[in-house]
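Results of the structural survey
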Amino acid sequence: QVQLVESGGGLVQAGGSLRLSCAASGSIFSINTMAWYRQAPGKQREWVSIISTGGTTTYTDSVKGRFTISRDNAKNTVYLRMNSLKPEDTAVYYCHIVVVTPTAGSYNYWGQGTQVTVSS
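Report on the accompanying structure. No experiment lies behind these values; they were computed from the predicted model shown.

1. Side note on the overall build of the protein chain
Helix and strand counts for the protein chain stand at zero helices and 11 strands. Helices and strands in the protein chain line up, N terminus first, as β-β-β-β-β-β-β-β-β-β-β. A compact globule built from 120 residues should have a C-alpha radius of gyration of about 14 Å, and the protein chain, at 14 Å, falls within 12% of that. A principal-axis box enclosing the C-alpha atoms of the protein chain has dimensions of 50 × 25 × 25 Å. Here the protein chain holds 120 residues, and 39% of them are scored as buried. Counting contacts in the protein chain only where the partners sit at least 6 residues apart, residues at least 24 apart contribute 54% of the total. With an accessible surface of roughly 6,200 Å², the protein chain has 48% of that area assigned to carbon and sulfur atoms.

Right, here's the structure in full:
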């Protein structure tokens, strides 16, 4: 089994910054992609950013130039640096990883979510 622990959320004023972390532990052979999603009140969960095993990154248009995703493979951890935060970034942020096993394919895991609130 794999556990994900998120941290780094909080309350920040518009224009401020936060860094989210998501650490994976447990029976991990290898991690493929690592990603961040968010869900605002009354809205569906949306994809924010993804990073490949090799470090290739992709972002949704609304966060390009403001957010940076990174990963530390030795620590099985993914980060999301969020700069120039806007009130519309307010949401619960979830990390998502794809764990690869040597014989049983791959599995998806979600973090518990961390609240990010941006005040105007």
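Continuing now.
2. Quick notes on the side chain of Arg-66
Its place among the elements puts Arg-66 in the loop between strand E6 (57-59) and strand E7 (67-72). Within the structure, Arg-66 has its side chain in polar contact with the backbone oxygen of Ser-62 (distance 2.9 Å). Setting aside chain neighbours within four positions, we find Arg-66 in contact with Arg-81, Met-82, Asn-83, Ser-84, Leu-85, Lys-86 and Asp-89.

3. Looking at the nonpolar core
Within the largest apolar cluster, 28 residues are counted, with the highest numbers of intra-cluster contacts made by Trp-36, Leu-80, Met-82, Tyr-93 and Ile-97. Every element with two or more residues in this core is listed here: strand E1 (2-7), strand E3 (18-26), strand E4 (30-39), strand E5 (46-51), E7, strand E8 (77-82), strand E9 (91-100) and strand E11 (114-119). Among the elements that take part in this core, E9 stands out by supplying five residues, more than any other. When residues no more than four places from it in sequence are discounted, the contact partners of Met-82 are Gly-16, Ser-17, Leu-18, Leu-20, Arg-66, Phe-67, Tyr-93 and Val-116.

4. Thoughts on the pattern of salt bridges
Counted by the stated rule, this structure contains four salt bridges. The shortest N-O distance in the salt bridge between Glu-46 and Arg-38 comes to 2.6 Å. With relative accessibility at 34%, the residue Glu-46 sits in the partly exposed group. On the basis of relative accessibility, which here comes to 5%, the residue Arg-38 falls in the buried class. Within the structure, one salt-bridge network assembled from shared partners comprises Arg-38, Glu-46, Arg-66 and Asp-89.

5. Re the sheet that holds E7
Ordered in space as E1-E3-E8-E7, the four strands form an open sheet in which the pairing is antiparallel. Because the sheet does not close on itself, it has two edges, and the strands there are E1 and E7. If you compare each strand with its neighbour and ignore which way they point, the axes differ by 15 degrees on average. Judged from the six bridges that link them, E7 and E8 form a sheet pairing that is antiparallel. Bridging across to E8, Phe-67 finds its partner in Met-82.

Calculation notes
Residues numbered from 1 in each chain as written. Predicted model: local features only at pLDDT ≥ 70, side-chain atom pairs only at ≥ 80, totals over all residues. Heavy atoms only, no water. Helix = DSSP H or I, 4+ residues; strand = E, 2+ residues; numbered from the N terminus. Rg over C-alpha atoms; globule rule 2.2 N^0.38 Å. Buried < 20%, exposed > 50% of the residue type's maximum accessible area, 1.4 Å probe, protein only. Contact = heavy atoms within 4.5 Å. Areas by Shrake-Rupley, 256 points an atom, 1.4 Å probe, with all protein chains shown as cover. Polar contact = N/O pair within 3.5 Å; in protein donor to acceptor, adjacent residues only side chain to side chain. Core = buried A, V, L, I, M, F, W, Y, C linked by side-chain atoms within 4.5 Å. Salt bridge = Lys/Arg side-chain N within 4 Å of Asp/Glu carboxyl O. Pairing = 2+ DSSP bridges. Axes fitted to C-alpha atoms, helices over the stretch in contact; angles between N-to-C directions.

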